[in-house]
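Analysis of the macromolecular model
Chain by chain, the residues run as shown.
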Amino acid sequence: METSGMVITILAIWGAVLSSVSIGWQIYRDFTNRGRLRVDTYLANIIEEGPGPQDQTVYLAWKVTNTGRKPIIISQIGGAHGDKQFFVKQRDLPKRLEPSEYWLGYTADLSMLEQNLRFLAAWDSLGKIHRVKRKTVKQLVQDHTSSA
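Residues numbered from 1 in each chain as written. Predicted model: local features only at pLDDT ≥ 70, side-chain atom pairs only at ≥ 80, totals over all residues. Heavy atoms only, no water.

**Let's talk about the UniProt feature "transmembrane region" (unreviewed entry) in the chain**
On the UniProt side, "transmembrane region" (unreviewed entry) is annotated at positions that read residues 6–28 here. Strand forms 0% of residues 6–28 and helix 100%; the C-alpha atoms that close the span are 33 Å apart. (UniProt positions renumbered as here; feature names shortened; annotations may be inferred. Helix = DSSP H or I, 4+ residues; strand = E, 2+ residues; numbered from the N terminus.)

**Quick word on the side chain of Gln 90**
In this structure, Gln 90 sits in the loop between strand 4 (84–87) and strand 5 (95–97). At 3.2 Å, the side chain of Gln 90 and the backbone oxygen of Tyr 106 are in polar contact. Beyond its immediate chain neighbours, meaning those up to four positions away, Gln 90 contacts Ile 77, Trp 103, Gly 105 and Tyr 106. (Polar contact = N/O pair within 3.5 Å; in protein donor to acceptor, adjacent residues only side chain to side chain. Contact = heavy atoms within 4.5 Å.)

**Some details on the pattern of salt bridges**
Counted according to the given criterion, the structure contains two salt bridges. Here Asp 40 and Arg 38 are joined by a salt bridge, their closest N and O atoms 3.3 Å apart. On the basis of relative accessible area, Asp 40 is assigned to the partly exposed category, the value being 28%. Across the pair Glu 98 and Arg 96 runs a salt bridge whose closest N-O atoms are separated by 2.8 Å. (Salt bridge = Lys/Arg side-chain N within 4 Å of Asp/Glu carboxyl O. Buried < 20%, exposed > 50% of the residue type's maximum accessible area, 1.4 Å probe, protein only.)

What follows is the structure, encoded as structure tokens:
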């Protein structure tokens, strides 16, 4: 009798632990189950296929990827100089991105890399700012100033 009571107690504790872990996982998954954007920027040239003159312009390119599990809408791309934000006008924004889908955009205006650039980012439809990594922004500014 003593052994069966001990087994019942162990099983009750085991059940309580498993149900607590399961509930915790459900809550965590619900809070993290949303769209997330990864924003990458780089300097690039656009190369056309076929014969003829190539465009020698250097562009600031943006790749915005939905790394979350839900669709998300990109509303703007841009950045900030000091306290002032700026936006880069793109004809195809706003754009809805499904999970794992990406959007590419670019601008020939590199003047934003010359001033006291604080950050580059993409904004979603809820106003959340998804920033480019600081290291990437510093490298872009350094590459631009060294090539100018």
